[in-house]
Amino acid sequence: MDLLETAAKSLLARAGVPVSRGGLASSPHEAVQTADRLGGPVVVKAQVPSGGRGKAGGVLTASSADAVESCARRLIGSTLGGFQVANVLVEEHVAIARELYVAFTIDPTRRLPVLLFSPEGGVDIEATHADAPSAVRRWEVDVRGGLSDDDVASWLAGVGSLTGAERERIAPAVARLYQIFSELDCELLEVNPLALTTSGNVLALDCKLSIDDAARPRQGAALRDVGVELPETGTELERRGRELGLSFIELEGDVGLLANGAGLTMATMDAISHYGGRAANFLEIGGDAYTKGADGLRLVLSNPKVNSLVVNFCGAFARTDVMIAGVVSALEDLEPGVPISFAIRGTGEEDAAALLRDRLGREPHDGMESAVKAAVEAAATAKAGG
Ligand code: GDP
Ligand code: MN
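Some remarks on the overall build of the chain
Move 1: Regarding its fold elements, the chain presents 13 helices and 17 strands.
Move 2: In terms of overall size, the chain is more extended than a compact globule, its C-alpha atoms giving a radius of gyration of 29 Å where 386 residues would be expected to give roughly 21 Å.
Move 3: Overall size of the chain, expressed as C-alpha extent along the three principal axes, is 80 × 50 × 35 Å.
Move 4: Looking at the 386 residues of the chain, the share that counts as buried comes to 47%.

Focus: the packing of aromatic side chains
Move 1: Scanning all chains against the criterion turns up five aromatic pairs.
Move 2: Ring geometry for Trp139 versus Trp155: centroids 5.2 Å apart, planes at 5°, classification stacked. Of this pair, Trp139 sits in strand S9 (residues 137-140) while Trp155 sits in helix H5 (residues 149-159), and the two are 16 residues apart along the sequence.
Move 3: A residue is classified by how much of its surface remains accessible, and Trp155, at 15% relative accessible area, is buried.
Move 4: One aromatic cluster in this structure is built from Phe104, Tyr178 and Phe181.

So, the packing of H5 against helix H6 (residues 164-183)
Move 1: As a packed pair, H5 and H6 sit with axes 8 Å apart at the nearest point and diverge in direction by 125°. Here H5 is positioned oblique relative to H6, judged by the angle of their axes. The chirality of how H5 crosses H6 is right-handed. Across from Asp149, Val152, Ala153, Leu156 and Ala157 in H5, the residues of H6 making contact are Arg167, Glu168, Ile170, Ala171, Pro172, Val174 and Ala175.
Move 2: Looking at the contact of H5 with H6 residue by residue, the classes come out as nine nonpolar, no polar and three charged.

Structural notes on the site of ligand 1
Move 1: Taken together, 18 residues surround ligand 1, and among them Lys45, Arg53, Gly54, Val94 and Glu99 come closest.
Move 2: The separation between a nitrogen atom of ligand 1 and a polar side-chain atom of His93 is 3.3 Å.
Move 3: A distance of 2.8 Å separates a nitrogen atom of ligand 1 from a polar backbone atom of Val94.
Move 4: Protein chains shield 86% of the accessible area of ligand 1, which is 560 Å² for the free molecule.
Move 5: Of the residues contributing to the shell around ligand 1, the split by class is seven nonpolar, five polar and six charged.

Quick look at the nonpolar core
Move 1: Ranked by internal contacts, the top residues of the largest apolar core, which has 44 residues, are Leu3, Leu12, Phe104, Ile170, Leu177 and Leu209.
Move 2: Of all elements in the fold, only helix H1 (5-14), strand S7 (96-107), strand S8 (112-118), H5, H6, strand S10 (186-197), strand S11 (202-204) and strand S12 (208-211) reach the threshold of two or more residues within this core.
Move 3: At nine residues, H6 tops the list of elements feeding residues into this core.
Move 4: Counting 29 residues, the second-largest nonpolar core is a separate cluster that includes Leu297, Leu301, Leu309 and Val327.

Observations concerning the pattern of salt bridges
Side chains that carry opposite charge are capable of pairing whenever their charged atoms lie near each other.
Move 1: Inspection of the entire model under this criterion finds 26 salt bridges.
Move 2: Between Asp206 and Arg53 there is a salt bridge whose closest N-O contact spans 2.9 Å. Highlighted residues: Asp206 in the loop between S11 and S12 and Arg53 in the loop between strand S2 (42-46) and strand S3 (59-62), separated in sequence by 153 residues. You'll find Asp206 and Arg53 in the same group, each marked buried.
Move 3: Note that Asp124 and Lys55 form a salt bridge whose closest N and O atoms lie 2.5 Å from each other. One end of the pair, Asp124, is in the loop between S8 and helix H4 (125-131); the other, Lys55, is in the loop between S2 and S3, with 69 residues separating them in the sequence.
Move 4: Taking relative accessible area as the criterion, Asp124 reaches 40% and is therefore assigned partly exposed.
Move 5: Owing to a relative accessible area of 60%, Lys55 belongs among the exposed residues under this scheme.

Conventions we followed
- Residues numbered from 1 in each chain as written.
- Chains lettered and ligands numbered in written order.
- Predicted model: local features only at pLDDT ≥ 70, side-chain atom pairs only at ≥ 80, totals over all residues.
- Heavy atoms only, no water.
- Helix = DSSP H or I, 4+ residues; strand = E, 2+ residues; numbered from the N terminus.
- Rg over C-alpha atoms; globule rule 2.2 N^0.38 Å.
- Buried < 20%, exposed > 50% of the residue type's maximum accessible area, 1.4 Å probe, protein only.
- Phe/Tyr/Trp six-rings, centres within 6.5 Å; stacked < 30°, edge-to-face > 60°.
- Axes fitted to C-alpha atoms, helices over the stretch in contact; angles between N-to-C directions.
- Parallel < 35°, antiparallel > 145°, perpendicular 65-115°, else oblique.
- Left-handed = near helix turned anticlockwise from the far one by under 90°.
- Contact = heavy atoms within 4.5 Å.
- Nonpolar A, V, L, I, M, F, W, Y, C, P; charged D, E, K, R; others polar.
- Near = heavy atom within 4 Å.
- Polar contact = N/O pair within 3.5 Å; in protein donor to acceptor, adjacent residues only side chain to side chain.
- Areas by Shrake-Rupley, 256 points an atom, 1.4 Å probe, with all protein chains shown as cover.
- Core = buried A, V, L, I, M, F, W, Y, C linked by side-chain atoms within 4.5 Å.
- Salt bridge = Lys/Arg side-chain N within 4 Å of Asp/Glu carboxyl O.

Here it is, written out as structure tokens:
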């Protein structure tokens, strides 16, 4: 998932990487207001998740209110790199002494993060790289050690063409960029240009940031913080499952099931079909999630389609008494109206059965077939009755 420059820069600023002052505008009027607030000349930048905006006329400089207005009018609503421009970023214009290229990405063959750096950054970086690949230097990052300011400064010393003072100024920004790259599960974090300004500052003037789609659940909160709303996927229950760290899939049927491990869950689903029922969900609470029995149960039972429930636990490393203890507490709490059948086998099964008996006055079925059959029949009865 590619972020817009403005969101990416908010993340950079939060992590202590300097960026220009600026603001987002969705109309020429707003753009003028923002420019006013900033004072002095500004750059007006089309916000689309694509590169090469500078060359395509999507980055304009304006030094009067009229110019800002006309730049914004030209950009907003236009199409750039295949995207419609909804907003422009209005930023103070800075005087650049030197443009550097800095990017972190994952090398898929080496399976590690790499830093790409060139002292000749800017809009012609692709041409630079094609003509003189040696102008872009590559450094493999040790994921265990991370990157300190000193690491970066001494690596930059080997790159040449930067003064000691420049290296000292750039190194902390680069080290922080790596921190962002790793903390946000980025596939790419590219700052081009990282500018050295004539007044001696380091500024990230542009930023392309792409987050691994698989990390969306983990990064949702950080992204919402900077105004990025992830398009929601899945049903409401599935979203709640993700928040709880459970793999939950809502299905069409009315027999709820709670089993540990994907394999046992699939086998339980097969058994439900075999006895003529239809499963209401897939839910995995195996592995690390085996203490999440209570959360899982709440989720399954909050599905209004559920007419009955089968709890099928098979203990090995995961203890059935631990899982059942969670389930029993949740049931005492929820007092669900639907009939429930239990099958419990393996590690801790006697303690688990005793818990059921003592706290719920229930006995587990003698095996999973019998428990599943009871749940399917109970669901059919509920359906016929309701
Ligand atoms: P891209 O073409 O999509 O990568 O967009 P950039 O954000 O990198 O902008 C293109 C170019 O505009 C940059 O490489 C800079 O050379 C230039 N630019 C952007 N902001 C400023 C600024 O504040 N001052 C100056 N002098 N140039 C800027
Ligand atoms: Mn750029």
